[in-house]
Amino acid sequence: MKSILEGRPALSSEVEKIAEVAGYLWQNGWAERNGGNITVNVTEYADEEMKAMPAISDVKQIGVTLPALKGCYFYCKGTGKRMRDLARRPMENGSIIRILDDCASYVIIADNEVMPTSELPSHLTVHAHLIETGSPYKATVHTHPIELVAMSHNRKFLAKDVLTNILWSMIPETKAFCPLGLGVVPYELPGSNTLADATLRELEDYDVVLWEKHGVFAKGLDVMDAFDQIDVLSKSAKIYISSKCMGFEPEGMSQEQMAEMSKAFNLPK
Ligand code: 13P
Ligand code: ZN
């Protein structure tokens, strides 16, 4: 059967980027087994032929009603699918879904009947909000970065902006390239609507949030942008941990040095 990517170079290039990032997640050790998920809003690539494509699945419930998503299309990693497999075969380990007119259900349209990620409530709740607020962001990524998850096991790091300040102060680039910092979402059951709601609330102020004792969730212009923000935060966490392993508390850049960065790079915080 013909792939939906055939004759659609822009959609293909979006899916290629997703596959590339999936490879990075695996190589970084952030994607054990089926860990993590990616969804990308691909509605802008939906031509008339794509809009007329028949469903290849039953109608499935999202679990939430999201009016902003009516008629939208998303690439979604499949539930239980591995990032390392998705990196090589994105259309066998993920699928493209169409949100139906009730805004509470969807069908899979291509290429295979791969059920979307169990974190769909969080991903779609965030995408709906992005559309409602006219955001240009199209991608959301959830992954399990080792050092950041480890840091979420220490309660003193979970108070507002404690981690943000530690991570920003490890290396100037982290503040420049993750300028909103790292929000914190207290532990919630994976895949739950309560996790989705808490994620949405925290993403009002941040592009990346830490799911306590689980992982991170990021939004970005595209999948590379979301990945880059997680990557710079993870780099800072590694520097922090390396310093501790060498037996000292890292000094960190001073508040003055960080304020100087904000001024020089015109940063929002
Ligand atoms: P899925 O395989 O359903 O995407 O779940 C992976 C995960 O990380 C859940 O939080
Ligand atoms: Zn997870």
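Computed from a prediction, not measured in an experiment: that's the story for all the values here.

This brings us to the pairing of strand E8 (residues 208-211). Residues in a regular strand point their side chains to alternate faces of the sheet. Burial of E8 is two-sided: the residues Val-208 and Leu-210 facing one way and the residues Val-209 and Trp-211 facing the other way are all buried. Here strand E7 (residues 182-185) pairs with E8 via 4 bridges, running parallel. Within E8, the residue paired with Leu-182 across the bridge is Val-208. Taking the sense of rotation as the criterion, the β-α-β connection linking E7, helix H8 (residues 193-202) and E8 turns out right-handed. Sheet analysis places E8 next to strand E9 (residues 215-220), joined by 4 bridges and oriented antiparallel. Across the sheet, the residue bridging to Val-209 is Phe-217, located in E9. Taking the residues that link successive antiparallel strands as the turn, the E8-E9 hairpin has 3 residues, and the phi of Lys-213 there is positive, at about 55°.

To continue, consider the nonpolar core. By size, the foremost hydrophobic cluster in this structure holds 69 residues, and its most contacted members are Ala-22, Val-208, Val-209, Leu-210, Val-216, Val-223 and Leu-233. For this core, the element with the highest residue contribution is helix H9 (residues 223-245), accounting for 8 residues. The residue makeup of this core includes at least three contributed by each of domain 1 (1-144) and domain 2 (146-269). Those residues in contact with Val-209 that sit more than four places away from it in its chain are Leu-182, Gly-183, Val-184, Val-185, Thr-199, Glu-202, Leu-203, Val-216 and Phe-217.

As a packed pair, helix H1 (residues 9-27) and H9 sit with axes 9 Å apart at the nearest point and diverge in direction by 20°. Looking at the two axes, H1 sits roughly parallel to H9. On H9, the residues touching Lys-17, Ile-18, Val-21 and Tyr-24 of H1 are Val-223, Met-224 and Phe-227.

It is worth spelling out the domain arrangement of the protein chain at this point. Parsing the protein chain into structural domains produces domain 1 (1-144) and domain 2 (146-269). Between the C-alpha centres of domain 1 and domain 2 there is a distance of 25 Å. Residue-level contacts link 28 residues of domain 1 with 24 residues of domain 2. Sorting the residues of the side of domain 1 that touches domain 2 by element identifies H1, strand E1 (37-41), helix H4 (120-132) and strand E6 (139-143) as the ones contributing at least two each. Residue contributions to the side of domain 1 that touches domain 2 peak at 6 residues, all from H4. Tallied by class, residues from the side of domain 1 that touches domain 2 come to 14 nonpolar, 11 polar and 3 charged.

With numbering aligned to this structure, UniProt lists the feature "domain: Class II aldolase/adducin N-terminal" (unreviewed entry) at residues 16-241. Between the first and last C-alpha atoms of residues 16-241 the distance is 33 Å; the span itself is 36% helix and 19% strand.

Looking now at the site of ligand 1. Around ligand 1, a shell composed of Asn-34, Gly-35, Gly-36, Asn-37, Lys-77, Thr-79, Gly-80, Thr-117, Ser-118, Glu-119, His-142 and Pro-190 is seen. For the shell around ligand 1, the residue count by class is 1 nonpolar, 9 polar and 2 charged.

Attention shifts here to the sheet that holds strand E2 (residues 60-61). Spatially, 9 strands are ordered E2-E5-E4-E3-E1-E6-E9-E8-E7 in an open sheet, and the strand pairing comes out mixed. In this open sheet, the two edge strands, each paired with only one partner strand, are E2 and E7. Taken together, the 5 bridges between strand E3 (residues 73-77) and strand E4 (residues 94-99) define a ladder with antiparallel strand orientation. When the sheet's bridge partners are listed, Phe-74 is paired in E4 with Ile-97. Strand contacts of H1: E1, E3 and E6, with the helix running at about 160° to E1, the strand carrying the most contacts. Sheet strands in contact with H8 are E7, E8 and E9, and its direction is about 150° off that of E7.

Below, the discussion takes up the environment of Pro-172. Tracing the backbone through its elements, the reader meets Pro-172 in helix H7 (residues 172-177). In this structure Pro-172 comes out as partly exposed when scored by C-beta crowding, with 16 C-beta atoms within 10 Å. Sequence separation between Pro-172 and Gly-252 is 80 residues; the distance between their C-alpha atoms is 9.9 Å. Here Pro-172 is in contact with Met-253 and Met-261, once residues within four sequence places are set aside.

What counts and how
Residues numbered from 1 in each chain as written. Chains lettered and ligands numbered in written order. Predicted model: local features only at pLDDT ≥ 70, side-chain atom pairs only at ≥ 80, totals over all residues. Buried ≥ 20, exposed ≤ 12 C-beta atoms within 10 Å, placed from the backbone. Helix = DSSP H or I, 4+ residues; strand = E, 2+ residues; numbered from the N terminus. Pairing = 2+ DSSP bridges. Right-handed = clockwise from strand over helix to strand, strands pointing away. Core = buried A, V, L, I, M, F, W, Y, C linked by C-beta atoms within 7 Å. Domains from an automatic or database assignment. Contact = placed C-beta atoms within 7 Å. Axes fitted to C-alpha atoms, helices over the stretch in contact; angles between N-to-C directions. Parallel < 35°, antiparallel > 145°, perpendicular 65-115°, else oblique. Nonpolar A, V, L, I, M, F, W, Y, C, P; charged D, E, K, R; others polar. UniProt positions renumbered as here; feature names shortened; annotations may be inferred. Near = placed C-beta within 6 Å.

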